[in-house]
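# Examination of the molecular architecture
What follows is each chain in one-letter form.
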Amino acid sequence: MIVLPEVNSEAMPAAPAAAPERIQGRAQGRLAALYLAPGMLGFLIFIIIPLVSSLAISLYKWPLFGDPEFVGFDNYASLFSSDPVFWTVLGNTLVFAVCYTVLNLGISLGLATWLHHIGKWGPFFRVLFFIPVVTPMTANALVWRLMLSDNGVVNSGLAGVGIHGPSWLSDSNLAMASLIAMSLWQGIGYNIFVLGAGLSNISPGLLEAATIDGAGPWQRFYRIVFPMLSPTLFFCTVMTIIGSFKVFTQPYLLTLGGPGESTNTIVLYLYRNGFSFDKMGYASSLAWILFVIVMLITALQFSQQKRWVNYDN
Amino acid sequence: MTTDTLTRTDPQTGKRDRSRGRRGRIISRTAMIVVGLGFIFPFIWMLATSLKSTEEVFSTGANFLGSHLAWSNYNTAWTLIPFGRIIVNSFIVALAGALLTTTVSLLSAYAFARFRFRFRDRLFLLFLGTLVLPHEVLVIPLYIMMNKLGLVNSLVALIVPFAFGAFGAFLIRQFLLTLPLDYEEAARIDGAGSFRILWSIILPLVQAPLAVVGVFSFIDYWGSFLWPLIVINDNTQGTIPLGLSMFSGERGTDWGPLMAASTLAVLPSLVVVIVLQKQLVKGISMGGLGGR
């Protein structure tokens, strides 16, 4: 799990200039290098080098056994021009990301607000909603596959009230919706937690004052809660979108990407290309497309944050 | 109903409002219990199914738990795949991973927070930038690397590559920046070196964020699926998420034992959340957003 820091300068407390005065500049640098060595070495070997190699590999035809062959931008060219699955996969991932992010933020904001007003029971339920976040996603996904199977508990529940339940996972119109539902169950607890922390930082006095001045609930939300919560909401939006583009375990275990390709996603397709079709280069070009998309969206969000995120309160 | 009528006769005291507030709270709490129960239902169903015999997994009878408690599913889970071994692997990977992550994070955080050196802030920013990098982008080159090093199917391959993220160092550094330098100065005047200061002064003070980093990385390692799926193809070297995916065979899925195994997989995380909820709350609000 990753928590995104606010990288803008106001939010980042400057490191104290009063670092150990007694240690002279160069000696300090040497000591720092010593402490940084394990972290930075690992960072270089396991993050920076793989990231760069991934770009290099994407320019090769690269079977696991056998010699890599340089093909330039062929992998990208065939992804964009002659691989219909790529466009399906891209579309599916976008649909998932948009639906998941919007619903996640809506539901978790609603539940966080509700829990904030529920008194001493709030923390208990917050923990309850957090449980699927920390339990292994494979276990979570498998029990959903059981519940959503044709004669699973969801459909037998529906039968109890006289509804003939559909095939949640093998109907191509419903499979994606089922994945989104499962993923929401899995993920909202995190945002509920984070937004709850944000809500509890809003001074009750401020809201009380607004009430006395005649502000209704909607005005209080719009004029006080939302602006004060906006940095937290911004954080949640960025992280939720990034997370949603990485969706893999749910389609892998619930639907195997099917029926047809209707729930195949970028990472699942990446995995298949690399490890089932033995096309490491092709898979790497997919990885870089994923990377570029995520970076662009994140950059866009940071550039747009001034329009709605309020840091001066 | 009665309270309502009663208070309505005496509007001046404001009792009516209070009773309405109380009633609202009762409705709100009852509704939340319903939502919460619905939310937690998959886990209830996991446990219930883990105690059903194979024939009764899909029976739609009134009997929630089947005709008898099929504890044998737990035995079957244990023998169908090398489950004992897999649980031990999971604990080794998660504990070693958490230990490595926290150690490396603490050292980096200390350097970033307490030393001045060239390019410090730029390096830190680059480091932070990778927080938004999807790890999935790295799996192909990492796999090729592990393959070249002959580490495929090893627990080392499961532990080492994912211990160097920026999250831990960031969190601990944030916390360190809020601590005054006085103790360190005093210790330095008394002749303590930087490592002595880190060990005897800093370490006891940063236990809270350290615990958070440890718990989160434990949970991450415990639940990680894609990377083990890629780098492990020997049943005895797998971790629990991989183990669970082994239950589906060509002849279908053995749901009873699978849910028994899932229940066992879920338990440690559950214990962690319940025991450490306060620290988790603190950690999440410390993660760069609670403090404003």
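For clarity, every value in this text was computed on a predicted model and none was experimentally measured. (Residues numbered from 1 in each chain as written. Chains lettered and ligands numbered in written order. Predicted model: local features only at pLDDT ≥ 70, side-chain atom pairs only at ≥ 80, totals over all residues. Heavy atoms only, no water.)

### Side note on the overall build of chain B
Of regular secondary structure, chain B possesses 15 helices and 2 strands. Per-residue burial for chain B yields a buried fraction of 54% across its 292 residues. Surface accessibility of chain B: about 13,400 Å² in total, with carbon and sulfur atoms responsible for 63%. (Helix = DSSP H or I, 4+ residues; strand = E, 2+ residues; numbered from the N terminus. Buried < 20%, exposed > 50% of the residue type's maximum accessible area, 1.4 Å probe, protein only. Areas by Shrake-Rupley, 256 points an atom, 1.4 Å probe, with all protein chains shown as cover.)

### Brief notes about the pattern of salt bridges
If charged atoms from side chains of opposite charge come close, those side chains can pair. Residue and element names in this part refer to chain B. Within the structure shown, the criterion is met by 2 salt bridges over all chains. For Arg114, the salt bridge is made with Glu184, and the minimal N-O distance between the two is 2.9 Å. Separated by 70 residues along the polypeptide, Arg114 in helix α4 (residues 83–114) and Glu184 in helix α9 (residues 182–189) bring together distant segments of the chain. For the pair Arg114 and Glu184, a shared accessibility class is recorded, and that class is buried. Between Arg120 and Asp121 there is a salt bridge, with the nearest N and O atoms lying 3.1 Å from each other. Residue Arg120 is classed as buried on the basis of its relative accessible area of 10%. (Salt bridge = Lys/Arg side-chain N within 4 Å of Asp/Glu carboxyl O.)

### Topic: a nonpolar patch on the surface
A surface patch of nonpolar side chains, about 330 Å² in accessible area, is lined by Leu41, Leu44, Ile45 and Ile49 of chain A. As for its position among the elements, Ile45 of chain A is in helix α1 (residues 25–57). (Patch = residues over 30% accessible without salt bridge, like charges linked within 9 Å, V, L, I, M, F, W, Y side chains within 5 Å.)

### Considering the interface of chain B and chain A
Across the boundary between the two partners, chain B contributes 102 residues, which contact 104 residues of chain A. When chain B packs against chain A, the two sides together hide about 9,600 Å² of surface, and 78% of this comes from carbon and sulfur. It is helix α2 (residues 15–50) of chain B that provides the largest number of residues to the side of chain B that touches chain A, a total of 15 residues. For the side of chain B that touches chain A, a count of residues per class yields 70 nonpolar, 22 polar and 10 charged. (Contact = heavy atoms within 4.5 Å. Buried area = accessible area lost by both parts, 1.4 Å probe. Nonpolar A, V, L, I, M, F, W, Y, C, P; charged D, E, K, R; others polar.)

### Focus: the UniProt feature "domain: ABC transmembrane type-1" (unreviewed entry) in chain A
Feature annotation in UniProt places "domain: ABC transmembrane type-1" (unreviewed entry) on residues 90–301 of chain A, given in this structure's numbering. Summarising residues 90–301 of chain A: 78% helix, 0% strand, and an end-to-end C-alpha distance of 20 Å. (UniProt positions renumbered as here; feature names shortened; annotations may be inferred.)

### Notes on the UniProt feature "transmembrane region" (unreviewed entry) in chain A
Residue and element names in this part refer to chain A. Mapped onto this structure's residue numbering, the UniProt feature "transmembrane region" (unreviewed entry) falls at residues 32–60, 85–115, 127–147, 174–200, 221–245 and 280–300. End C-alpha to end C-alpha, residues 32–60 measures 39 Å, and it is 90% helix and 3% strand. Within the segment residues 85–115, helix and strand shares are 100% and 0% respectively, and the terminal C-alpha atoms sit 43 Å apart.

### Regarding the state of the cysteines
Residue and element names in this part refer to chain A. All told, the structure shown has 0 disulfides over all chains when counted by the stated rule. Free cysteine Cys99: the closest other cysteine sulfur is in Cys236, separated by 19 Å. Judged by relative accessible area, which is 0%, Cys236 ranks as buried. (Disulfide = S-S within 2.5 Å.)

### A look at the confidence of the model for chain A
Per-residue confidence for chain A averages 88 on the pLDDT scale, and 91% of its residues sit at or above 70. Considering only residues more than four positions removed or in separate chains, one finds that residues 1–14 of chain A, a stretch of pLDDT under 50, has 42 contacts. (pLDDT = per-residue confidence, 0-100.)

### Details of the nonpolar core
Soluble globular proteins: nonpolar side chains tend toward being buried together. Ranked by size, the top nonpolar core spans 194 residues in total, and within it Phe130 and Phe248 of chain A together with Val206, Trp227 and Val231 of chain B carry the most contacts. The element best represented in this core is α4 of chain B, accounting for 14 residues. Each of two domains, domain 1 (2–50) and domain 2 (75–286) of chain B, supplies a minimum of three residues to this core. Leave out the neighbours within four places in its chain, and Val231 of chain B touches Tyr143, Met146, Val152, Asn153, Ala157 and Leu158 of chain B. (Core = buried A, V, L, I, M, F, W, Y, C linked by side-chain atoms within 4.5 Å. Domains from an automatic or database assignment.)

### Some points on the environment of Gly129 of chain B
Locating Gly129 of chain B in the fold gives a position in helix α5 (residues 120–129). Counting along the chain gives 40 residues from Gly129 of chain B to Ala169 of chain B, while the straight-line C-alpha distance between them is 13 Å.

### A few points about the domain arrangement of chain B
Residue and element names in this part refer to chain B. By the assigned domains, chain B splits into domain 1 (2–50) and domain 2 (75–286). Its C-alpha centre places domain 1 at a distance of 40 Å from the equivalent point of domain 2. Listed per partner, the contact involves 5 residues of domain 1 and 7 residues of domain 2. At the boundary of domain 1 with domain 2, the tally comes to 0 salt bridges. The class makeup of the residues in the side of domain 1 that touches domain 2 is 3 nonpolar, 2 polar and no charged.

### Regarding the packing of α4 of chain B against helix α11 (residues 207–223) of chain B
Residue and element names in this part refer to chain B. Interaxial distance between α4 and α11 falls to 8 Å at its minimum, and their mutual angle equals 140°. In this structure, α4 crosses over α11, and the sense of that crossing is right-handed. For the pair formed by α4 and α11, the contact residues are Ser90, Phe91, Val93, Ala94, Leu95, Gly97, Ala98, Thr101, Thr102, Ser105 and Leu106 on the first element and Leu210, Val213, Gly214, Ser217, Phe218, Tyr221 and Trp222 on the second. (Axes fitted to C-alpha atoms, helices over the stretch in contact; angles between N-to-C directions. Left-handed = near helix turned anticlockwise from the far one by under 90°.)

### Examining unusual backbone geometry
Residue and element names in this part refer to chain A. Residues Gly258 and Pro259 are joined by a peptide bond in cis, for which omega reads -5°. Take Pro259: it is sitting in the loop between α10 (249–255) and α11 (266–275). In the Ramachandran plot, Asp278 falls in the positive-phi region, its phi being about 55° despite a non-glycine side chain.

### Things to note about the packing of aromatic side chains
Residue and element names in this part refer to chain B. Scanning the model with the defined rule gives 45 aromatic pairs over all chains in all. An angle of 70° between the planes, with centres 5.5 Å apart, marks the rings of Phe162 and Trp227 as edge-to-face. Of this pair, Phe162 sits in the loop between α7 (155–159) and α8 (167–177) while Trp227 sits in helix α12 (residues 226–231); the two residues are 65 residues apart in sequence, bridging distant segments of the chain. On the basis of relative accessible area, Phe162 is assigned to the partly exposed category, the value being 22%. (Phe/Tyr/Trp six-rings, centres within 6.5 Å; stacked < 30°, edge-to-face > 60°.)

### Focus: helix α9 (residues 217–245) of chain A
For α9 of chain A, with 29 residues, the first-to-last C-alpha span of 35 Å runs short of the 42 Å given by 1.5 Å per residue. The largest bend in α9 of chain A comes to about 55°, at Ser230 of chain A, with the proline Pro231 of chain A one to four residues further on. (Expected span 1.5 Å × (residues − 1). Bend = angle between axes of the 7 residues up to and from the residue.)

### With respect to the confidence of the model for chain B
Residues and elements named next belong to chain B. Counting all residues, the mean pLDDT for chain B is 84, and 86% of those residues have values of 70 or more. Within the model, the stretch residues 1–16 combines pLDDT values under 50 with 6 contacts to residues more than four positions away or in other chains. Predicted confidence is poor over residues 288–292, with pLDDT under 50, and the contacts of this stretch with residues over four places away or in other chains come to 17 contacts. Scored as a complex, the prediction yields pTM 0.88 and ipTM 0.87.

### Observations concerning the environment of Ile26 of chain B
All names here are of chain B. Take Ile26: it is sitting in helix α2. Among the residues examined, Ile26 registers a relative accessible area of 51% and is labelled exposed. Once the C-alpha coordinates of Ile26 and Thr79 are considered, the two residues, 53 residues apart in sequence, prove to be 48 Å apart.

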